[in-house]
Amino acid sequence: MSQADLDAYRLAAIDELESAADKSAIDAWYRKHLSSSGQANQFKRQIGKLPPEERRGFGQAVNEVVKNLQDIYDNRHKESEAAALAQRLAGEKVDVTLPSRQRRRGGLHPLTQTLREIYQVFLGMGFTVYESPHVELDYFNFEALNMPPHHPARDMQDTFYVNESVLLRTHTSAGQIRAMQKLGPGSVRVILPGLCYRNEDVTTRSEMQFHQVEGLLVGPDVRMSDLKGVLLQFARALFGEDQAIRLRGSYFPFTEPSVEVDIRCTLCGGEGCRMCKYTGWLELLGAGLVHPTVLENGGYDATKNRGIAFGMGVERIVLLRHGIKDIRQFFRNDSRFLANFR
Ligand SMILES: [Zn+2]
């Protein structure tokens, strides 16, 4: 083992390290040359076999070679770590100029929107919201509203019966008696909103379920002019400040007198068009003075109290406001339809 062998080994090892292509090759080189069993350490084991006068000089030479190889390895190792990091960062790079992913936003259903507006209008006039059951007794839905069994008005309502005396309410009027009995004289100024159910064919104009809002105001000084005032204010809040209403005589079992309330056509403004069948008016809701029998059933002395009541179909109001042609759209959950109301 000579100095020349050592020099030759050093140059060969450096060549080998420089041609190592990647981290695993560099690691393999380290194990082969600089680990405790590596070739550089083989030279250290030779030192003891030399004549004593040569040991010191050869020992220094071996140490210099080992240190030199270790320095070169350290640099090469650092370079390869840096290269690996750069490669990883390149893979994780974010292109901030890419367009963002679209988030689909929900919105309130058009019926909910209009219902909330209706609440606001009546809350502003001192009404409160009174909720009554959807599954109702025949008594509250028909009988207490002046529609005893075999009353012809029952024919107008195809009813879903649960059993002989329990049904799905066919109108929110069913809550009128409940509100009167619960709230007591002098404090009935309520709107009764919610779903109603009728066994009807589903067409563009009728559904088996629909929303109504009923209004009821009872007191000693209540009169027809209150009804006109409340409904005119309501019509103007929903259909515009210049709206007008028209009352036509009609018939409901639970009001006397009864009226149909029209608004001026929202499409032609009263000139006459196809939507209003050239009358200039559109039917908005039904109303009237509460029938004395209904007042008595609610626990009121009909000689000392009067009431106004009105009931509207919420779907119809949304149809009129937005020019929608098909009532079935409301329950189809079609996002293309609903997106128009966000
Ligand atoms: Zn019209």
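Small disclaimer: the values here were computed from a predicted structure and weren't measured.

Quick look at the overall build of the chain
- In terms of helices and strands, the chain carries 11 helices and nine strands.
- Against the globule reference of 20 Å for 342 residues, the chain gives a C-alpha radius of gyration of 45 Å, more extended than a compact globule.
- Referenced to the eigenvectors of the C-alpha coordinate spread, the extents of the chain come out at roughly 140 × 45 × 35 Å.
- Per-residue burial for the chain yields a buried fraction of 42% across its 342 residues.
- Within the chain, counting contacts between residues at least 6 apart in sequence, those at least 24 apart form 65% of the total.
- As displayed, the chain offers around 19,400 Å² of accessible surface, 50% of which is attributable to carbon and sulfur atoms.
- Taken together, the 43 basic and 42 acidic charged side chains of the chain have centroids lying 2 Å from each other.

Remarks on the domain arrangement of the chain
- Each assigned domain of the chain is listed here: domain 1 (3–91) and domain 2 (110–341).
- Of note, the centres of domain 1 and domain 2, computed from C-alpha atoms alone, are 95 Å apart.

Some words on the pairing of strand S5 (residues 209–219)
- Burial runs high along S5: 10 of the 11 residues are buried.
- The sheet contact formed by strand S4 (residues 189–197) and S5 spans nine bridges and is antiparallel. Residue pairing across strands places Leu-195 opposite His-211, the latter belonging to S5.
- With eight bridges joining them, S5 and strand S9 (residues 306–313) adopt antiparallel strand pairing. Bridging across to S9, Val-218 finds its partner in Gly-307.

A short note on the pattern of salt bridges
- All chains considered together, the criterion is met by 13 salt bridges.
- Taking the shortest distance from any N to any O, the salt bridge between Asp-326 and Arg-328 comes out at 3.0 Å.
- You can call Asp-326 buried: its relative accessible area is 12%.
- Between Asp-326 and Arg-332 there is a salt bridge, with the nearest N and O atoms lying 3.9 Å from each other.
- Residue class for Arg-332 comes out partly exposed when judged on its relative accessible area of 46%.
- A network of salt bridges, in which partner residues are shared, links Arg-246, Arg-248, Asp-262 and Glu-283.

A short note on the nonpolar core
- In this structure, Ile-118, Phe-122, Phe-234, Leu-284, Leu-285, Phe-310 and Met-312 are the most contacted members of the largest nonpolar core, which totals 44 residues.
- The set of elements that each furnish at least two residues to this core consists of helix H5 (110–124), S5, helix H8 (224–239), strand S7 (255–264), strand S8 (281–290), S9 and helix H10 (314–322).
- Examining the composition of this core, we find that seven residues originate from one element, H8, more than from any other.
- Apart from the residues lying within four places of it in its own chain, the contact partners of Phe-122 are Phe-127, Ile-191, Val-230, Phe-234, Phe-310 and Met-312.

Observations regarding the coordination of the zinc ion
- Donor atoms from the polypeptide that bind the zinc ion are Cys-265 (SG), Cys-268 (SG), Cys-273 (SG) and Cys-276 (SG), placed at 2.2 to 2.3 Å.
- Geometry at the zinc ion is tetrahedral, judged from the four donor atoms that bind it and their angles of 103 to 116° at the metal.
- Spacing between the donor residues of the zinc ion along the chain follows C-x2-C-x4-C-x2-C.
- Judged by its relative accessible area of 18%, Cys-268 falls in the buried class.
- A relative accessible area of 11% places Cys-273 in the buried class.

Calculation criteria
Residues numbered from 1 in each chain as written. Predicted model: local features only at pLDDT ≥ 70, side-chain atom pairs only at ≥ 80, totals over all residues. Heavy atoms only, no water. Helix = DSSP H or I, 4+ residues; strand = E, 2+ residues; numbered from the N terminus. Rg over C-alpha atoms; globule rule 2.2 N^0.38 Å. Buried < 20%, exposed > 50% of the residue type's maximum accessible area, 1.4 Å probe, protein only. Contact = heavy atoms within 4.5 Å. Areas by Shrake-Rupley, 256 points an atom, 1.4 Å probe, with all protein chains shown as cover. Lys, Arg positive; Asp, Glu negative; His and termini not counted. Charge placed at Lys NZ, Arg CZ, Asp CG, Glu CD. Domains from an automatic or database assignment. Pairing = 2+ DSSP bridges. Salt bridge = Lys/Arg side-chain N within 4 Å of Asp/Glu carboxyl O. Core = buried A, V, L, I, M, F, W, Y, C linked by side-chain atoms within 4.5 Å. Donors = N, O, S within 2.8 Å, 3.2 Å for Na, K, Ca; no water. Tetrahedral: all angles 85-135°; square planar, octahedral: opposite > 155°, others 65-115°.

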